[in-house]
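This is what each chain is made of:
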Amino acid sequence: MITQSRRRFLAMASLANAAALVGAPKPHAADAPPETTTIRLAKIPGICIAPQYVAEELLRVEGFTDIRYVATTGAYQHEQIAHGEVDISLHFAAPTILAMDGGAPITVLAGVHVGCFELFGNEDIRSIADLKGKIVGVQGLGSSPHVFLTGMASYVGLDPMKDIHWIFSPSVKPMELFAKGKIDAFLGFPPEPQEMRARNIGHVIVNSSVDRPWSQYFCCMLIGHTDFVHRYPIATKRALRAILKATDLCVSEPGRVAQLMVDGGFTAHLDYALQTLNEVPYGVWRDYDPEDTIRFYSLRLREAGMIKSSPQKIIAEGTDWRSLNELKRELKG
Amino acid sequence: MRAALIATLVVLAGAMLLAARDAVNEQPRTTADSEQALPTIGAAPGFTLTSQDGARVSLRDFRGKVAAVTFIFASCSSTCPLLTAKMAQVQDELGSDFGTRIAFVSITVDPEHDTPEVLKRYAQTYDVDRAGWSFLTGSPPLVQEVIRRYGVFASKIGGGDVDHTNLTSLVDRRGMLRVQYLGVRFDPEEFRHDLLSLLDEP
């Protein structure tokens, strides 16, 4: 599904030839064609958003002909969407809510999977509460790890601003600072946890794929620029369908998806990619209510003083579950 | 005379009770049915391809029947055997409805290699009921277009393998696409139930 390898290129060329023989490809028959055939998705260092990395051909099936991956940092992906540089993308729930509270034109469309992040700590840390007085590294203020950790600390009764010594490190990855013993804890996103385990460094305080309550809420949600969602409702639904199909592919064929991510240049390590696909619960998009996730993280961030909006306001103004609800009925698995 | 009158009244009362019971039963069933009815996605993409017996087969040939349309290839060693075996299991459970009121259609994603003869051997492997299950092939561009219009991705990846998504579509008696099953892990009982629910629709 990624076109960068020679094999992929040849496969695409044969597909293009086939299409030429029968005329312009018609999109998936069910709905009207998408209002736009161009779509821009984010490409970040993290690989938990695997579904959108392997959705390219499924997006073509839906009628998109110009599919672009815009390189961005996972920590601030919402900014690219808010600025209109990315149309639709998987992104982390908590920082998305923070951006929406700040007025960013973002619409949340679906919850996709749970279990991205893991909190790593040194031997002095056994629980989130032990972060009190400790040095925690994040890429920057308002970055995804910072926002998630703030919510987590707030949930256990800490005052994240006062009780934690934050180290903001945009140039050196917090994971590397942790490996060198310069910080006490950090929040890792795939493939970082997989790499930490391979290097046998630190231990996991919270694994959001299994530890409650974090495992009960989506970490990655599909979000879109509000203008795109409003102007192109059919394209939005088609993009959502392609990405949800790809999400199911992550469950049914993790080996194939891992290889596609490596071939496509989205990650260098096949083993970490495969571990990620086997560890992150990708099969829950039908099961959990995404509104619960928005409500949960809105409350956490409000407790921490990071947002002012009520969960109801965020949900009312920044979510649109119509396509998701339709697809839940149309696509069984 | 009096006995006859009493008997008539008893019969009338019984009939009224039965009617009342039916009315009570009817109302919630209608509500539940409407809540549980499968969605209507749109008109199912049409096709005219060649069966394992060399016959021309079109989607419109299945009008009046409920059809399950899926995509496989004969030399597939990973997911297709699971999917075909699952459908064969459901075929057996459908009994006399299979073939007469319900049809399965498996379209190859490898038309270059899956000739009617190859598909015939493949069908025999799974002991399929030929009266109700068509395995279809055709010219590669034509098949590719059908694949695309059903929302399936398929691409050759060398070594005789075809990279493809598993997607099984249910088409109702009017030719409308109603629901799609992703992958091969779907519940065969739910699949069978959905097929039968489409049969029950007016």
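Reading the values: the criteria
- Residues numbered from 1 in each chain as written.
- Chains lettered and ligands numbered in written order.
- Predicted model: local features only at pLDDT ≥ 70, side-chain atom pairs only at ≥ 80, totals over all residues.
- Heavy atoms only, no water.
- Helix = DSSP H or I, 4+ residues; strand = E, 2+ residues; numbered from the N terminus.
- Rg over C-alpha atoms; globule rule 2.2 N^0.38 Å.
- Buried < 20%, exposed > 50% of the residue type's maximum accessible area, 1.4 Å probe, protein only.
- Areas by Shrake-Rupley, 256 points an atom, 1.4 Å probe, with all protein chains shown as cover.
- Lys, Arg positive; Asp, Glu negative; His and termini not counted.
- Charge placed at Lys NZ, Arg CZ, Asp CG, Glu CD.
- Pairing = 2+ DSSP bridges.
- Axes fitted to C-alpha atoms, helices over the stretch in contact; angles between N-to-C directions.
- Contact = heavy atoms within 4.5 Å.
- Domains from an automatic or database assignment.
- Buried area = accessible area lost by both parts, 1.4 Å probe.
- Salt bridge = Lys/Arg side-chain N within 4 Å of Asp/Glu carboxyl O.
- Nonpolar A, V, L, I, M, F, W, Y, C, P; charged D, E, K, R; others polar.
- Patch = residues over 30% accessible without salt bridge, like charges linked within 9 Å, V, L, I, M, F, W, Y side chains within 5 Å.
- Phe/Tyr/Trp six-rings, centres within 6.5 Å; stacked < 30°, edge-to-face > 60°.

This brings us to the overall build of chain A. A tally of helices and strands in chain A yields 16 helices and 11 strands. Taking 20 Å as the expected radius of gyration for a compact globule of 333 residues, we find that chain A reaches 20 Å, a close match to that expectation. Dimensions of chain A along its principal axes, counting C-alpha atoms only, are 65 × 45 × 35 Å. Taken across its 333 residues, chain A has 61% of its residues classed as buried. For chain A, the accessible area works out to roughly 12400 Å², and carbon and sulfur atoms hold 51% of it. Within chain A, the 36 negative side-chain charges are centred at a point lying 3 Å from the centre of the 34 positive side-chain charges.

Across a sheet, strands are paired by hydrogen bonds formed along the backbone, either parallel or antiparallel in direction. All names here are of chain A. Judged by pairing direction, the sheet is antiparallel, and its three strands sit side by side in the order 3-10-4 without closing on themselves. Each of the sheet's edge strands pairs with one partner strand only, and the pair in question is strand 3 (88–92) and strand 4 (106–113). Averaged over neighbouring strand pairs, the angle between their axes works out to 35° when direction is ignored. Packing of helix 11 (residues 233–252) onto the sheet brings it into contact with strand 3, strand 4 and strand 10 (220–225), and relative to strand 4 it is tilted by some 20°.

All names here are of chain A. The five strands are arranged 7-6-8-5-9 in an open sheet whose pairing can be described as mixed. Each of the sheet's edge strands pairs with one partner strand only, and the pair in question is strand 7 (165–168) and strand 9 (203–207). Neighbour-to-neighbour, the strand axes of this sheet turn through a mean angle of 30°, independent of strand direction. Sheet topology note: the strand 5 (residues 118–121)/strand 9 ladder contains four bridges and is antiparallel. Its bridge partner lying in strand 9, F120 is registered against V204.

With that settled, consider the domain arrangement of chain A. All names here are of chain A. As assigned here, chain A comprises domain 1 (4–114 + 217–330) and domain 2 (118–207). For domain 1 versus domain 2, the distance between C-alpha centres works out to 26 Å. Counting from both sides, the interface comprises 27 residues of domain 1 and, opposite them, 22 residues of domain 2. The junction of domain 1 with domain 2 conceals about 1800 Å² of combined surface from both sides, 70% of it contributed by carbon and sulfur atoms. Taken together, the connections running from domain 1 to domain 2 amount to one salt bridge. Its salt-bridge partner being E279, residue R197 comes within 2.9 Å of it at the nearest N-O pair. Every element with two or more residues in the side of domain 1 that touches domain 2 is listed here: strand 3, helix 5 (93–101), helix 13 (270–279) and helix 14 (290–303). Of the residues belonging to the side of domain 1 that touches domain 2, the class tally is 18 nonpolar, six polar and three charged.

Let us look at the pattern of salt bridges. Scanning the model with the defined rule gives 33 salt bridges over all chains in all. The closest approach of N and O atoms between A:E291 and A:R295, which form a salt bridge, is 3.4 Å. Of this pair, A:E291 and A:R295 both sit in helix 14, four residues apart, which is roughly one turn of the helix. Two residues, A:K332 and B:E190, come together in a salt bridge whose shortest N-O distance is 3.0 Å. Here B:E190 lies in helix 6 (residues 188–200) and A:K332 lies in strand 11 (residues 331–332), a pairing that spans two chains.

The next subject is a negative patch on the surface. All names here are of chain B. There is a patch of like negative charges on the surface, built from D92, E93, D127 and D129. Checked against the element boundaries, D129 lands in the loop between helix 4 (116–125) and strand 6 (133–136). D129 sits in the partly exposed class, given a relative accessible area of 32%.

In this section: unusual backbone geometry. All names here are of chain A. With an omega dihedral of 10°, the bond running from P190 to P191 counts as a cis peptide bond. Structurally, the position occupied by P191 is in the loop between strand 8 (185–188) and helix 9 (192–199). Residue P213 follows R212 across a cis peptide bond; omega there is 0°. Residue placement: P213 occurs in the loop between strand 9 and strand 10.

What follows is about the packing of aromatic side chains. Applying the stated criterion to the full structure yields 29 aromatic pairs over all chains. Ring geometry for A:Y53 against A:F266: centres 4.1 Å apart, planes inclined by 10°, an arrangement best described as stacked. With A:Y53 in helix 2 (residues 50–53) and A:F266 in the loop between helix 12 (254–263) and helix 13, the pair connects residues that are 213 residues apart, well separated along the chain. Measuring from ring centre to ring centre gives 6.0 Å for B:F104 and B:F191, while their planes differ by 45°; the resulting arrangement is tilted. One end of the pair, B:F104, is in strand 5 (residues 102–108); the other, B:F191, is in helix 6, with 87 residues separating them in the sequence. The structure contains a cluster of three or more aromatic residues connected by ring pairs, namely A:F92, A:F117, A:F148, A:Y155, A:F189, A:W214, A:Y217, A:F296 and A:Y297.

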